[in-house]
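Breakdown of the fold
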Amino acid sequence: MAILSKDDAHTLLKKVLSYSTADECAASLRGRTAGNIRYARNSVSTAGAQDSVSLAVEARFGKRSGVATCNEFDEATLRRCVQRAEEIAKLAPESPEYVPFIGPQTYLSPPSSATTLLTAATRAQAAAESMTLCAAKNLSAAGFLDGGTRFVAQRNSKGQEAYQQSTNTDFSVTVRTADGKGSGYAIADVTDPAKLNAKNITERAANKALSSVNAKAIEPGKYTVILEPAALMAGDDLSLLGGLVYSMGAREADEGRSFLSKKGGGNRKGEKLFDERITIYSDPMNAEVPGNAFDDDGLPTKRQTWIDKGVVKDLFYTRFWAQKNNVPATAYPNGFIMAGGTQSTADLIKGTAKGILVTRLWYIREVDPQTLLYTGLTRDGTFYIENGKIKFPIKNLRFNESPIIMLNNIEAIGKPQRLAGCLVPPLKIRDFTFTSLSDAI
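In this text, all values refer to a predicted model and were calculated from it rather than measured experimentally. (Residues numbered from 1 in each chain as written. Predicted model: local features only at pLDDT ≥ 70, side-chain atom pairs only at ≥ 80, totals over all residues. Heavy atoms only, no water.)

To continue, consider the overall build of the protein. Helix and strand counts for the protein stand at 10 helices and 19 strands. Here the C-alpha radius of gyration of the protein, 24 Å, is about what a compact globule of 441 residues would show, namely 22 Å. If one aligns the C-alpha atoms of the protein with their principal axes, the spans along those axes are about 70 × 60 × 35 Å. In the protein, of all internal contacts separated by at least 6 residues, the share reaching a separation of at least 24 is 71%. By element, 48% of the accessible surface of the protein is carried by carbon and sulfur atoms, the whole surface being about 20000 Å². On the protein, the mean spot of the 54 positive side-chain charges and the mean spot of the 47 negative ones are 4 Å from each other. (Helix = DSSP H or I, 4+ residues; strand = E, 2+ residues; numbered from the N terminus. Rg over C-alpha atoms; globule rule 2.2 N^0.38 Å. Contact = heavy atoms within 4.5 Å. Areas by Shrake-Rupley, 256 points an atom, 1.4 Å probe, with all protein chains shown as cover. Lys, Arg positive; Asp, Glu negative; His and termini not counted. Charge placed at Lys NZ, Arg CZ, Asp CG, Glu CD.)

What follows is the structure, encoded as structure tokens:
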């Protein structure tokens with residue numbers, strides 16, 4: 001039952017809404033059918049499958065609201081779920097930020113589903129190819145492959161109804177040398193699993209691992225760096241570019257809590273804050289990184305530019321903050337695209353007299369939200385560049401840097417690559433600040 005068709009989903013949601021006696025009621029279904037495989041030290045450790053559907057009901061009486069959820073769909077359970085949401089709503093305080101549910105909407109249809117998905121056998125084959133490659137080179141691989149199909153359906157008592165189905169496959173692998181002194185990393189995600197080549201991705205990580213042995217220490221300071229897409233987007237909880245884009249909330253800016261806050265009040269929408277080569281937008285209809293057709297509030301997404309040639313063009317307005325400021329609300333996209341050029345990472349290296357190549361950043365933490373200052377560490381392959389070539393591996397470094405400053409110190413922008421559901425180019429940046437060394441591999 002994990003993936004319901006549009007008709008089946010809305011038949012169920014109509015039934016749920018019919019049980020409500022609230023002033024307003026909304027119901028949503030989310031489901032996923034997926035499988036995964038995990039391995040470490042060239043041996044599979046776990047493999048599993050997920051098949052789940054859940055229902056959420058929000059009932060409202062005036063400005064009071066309550067939410068209840070369930071994952072069983074017999075009539076008694078559905079009625080009880082609606083009843084529970086209404087009971088909670090009657091006990092809840094009035095919300096000072098109440099906005100009524102939206103009415104009927106028109107949605108785009110992103111090209112987001114693959115026709116063929118990974119099976120347990122094809123996942124095992126991909127893992128086997130990754131581990132075999134590493135074992136042949138006396139390397140140790142640890143990887144995770146996960147993929148499947150999901151759907152979301154929404155319906156409310158004001159006439160709004162929405163449905164979308166999508167597919168996604170994610171793969172990441174860390175490769176270590178036998179003595180533990182070298183480490184490499186590679187990551188990829190695709191809408192269509194037929195486009196995923198785990199062996200080639202593992203090969204990249206393996207080459208990084210072999211090349212990073214006997215790393216040398218260099219003095220911390222300001223360096224020209226080439227940040228691969230994984231260094232810009234892949235983080236444990238936070239990423240440099242993701243942290244920037246998803247910090248562009250209008251309310252935070254207007255209330256003085258953001259890098260986009262203006263002295264004396266208001267926000268910096270319309271100001272040029274970045275290099276003129278910086279353009280960032282979202283587009284749910286992009287074939288390479290198709291996005292969500294609607295957000296959790298049911299607002300329809302569209303192509304929307306956030307930063308245009310360095311100028312802040314738009315901010316994220318929640319429905320409450322938009323109503324308060326008499327402006328349109330902003331649908332929240334699940335990905336973004338940063339415009340780039342045609343150069344590969346190798347091309348950027350060739351054009352660098354002296355600098356540092358960074359494969360990945362991790363353990364990124366926010367230091368100051370008003371300047372967007374972050375700190376974190378390099379990991380899994382950091383190299384010194386000299387005269388257009390990688391000269392030698394270097395020990396990992398801690399950085400203290402703001403993506404605002406970073407995107408004003410652009411030397412070159414490479415060709416965008418898909419990562420974390422976004423399109424992000426490798427960047428060559430001058431005066432990137434490293435503050436200390438780390439002995440971690």
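Don't stop here, the text continues.
One non-glycine residue, asparagine 214, adopts positive backbone phi at about 60 degrees. Within the element layout of this structure, asparagine 214 appears in the loop between helix H4 (198–211) and strand S7 (222–227). One non-glycine residue with positive phi stands out, namely alanine 420, at about 55 degrees. With respect to the helices, strands and loops of the structure, alanine 420 is situated in the loop between strand S17 (417–419) and strand S18 (422–424). Assessed through its relative accessible area of 45%, alanine 420 is described here as partly exposed. (Buried < 20%, exposed > 50% of the residue type's maximum accessible area, 1.4 Å probe, protein only.)

By domain assignment, the protein separates into domain 1 (6–207) and domain 2 (210–240 + 340–437). The interface is formed by 17 residues belonging to domain 1 together with 14 residues belonging to domain 2. Both sides of the domain 1 and domain 2 interface together cover about 1200 Å² of buried area, and 48% of this is carbon and sulfur. Of all residues in domain 1, Ser183, Tyr185 and Asp189 give up the largest surface area on contact with domain 2, accounting jointly for 41% of the area buried on that side. (Domains from an automatic or database assignment. Buried area = accessible area lost by both parts, 1.4 Å probe.)

Summarizing the sequence annotation, UniProt attributes the feature "domain: Metalloprotease TldD/E N-terminal" (unreviewed entry) to residues 32–89 in the numbering used throughout. Annotation note: span residues 32–89, helix share 26%, strand share 60%, distance between end C-alpha atoms 29 Å. (UniProt positions renumbered as here; feature names shortened; annotations may be inferred.)

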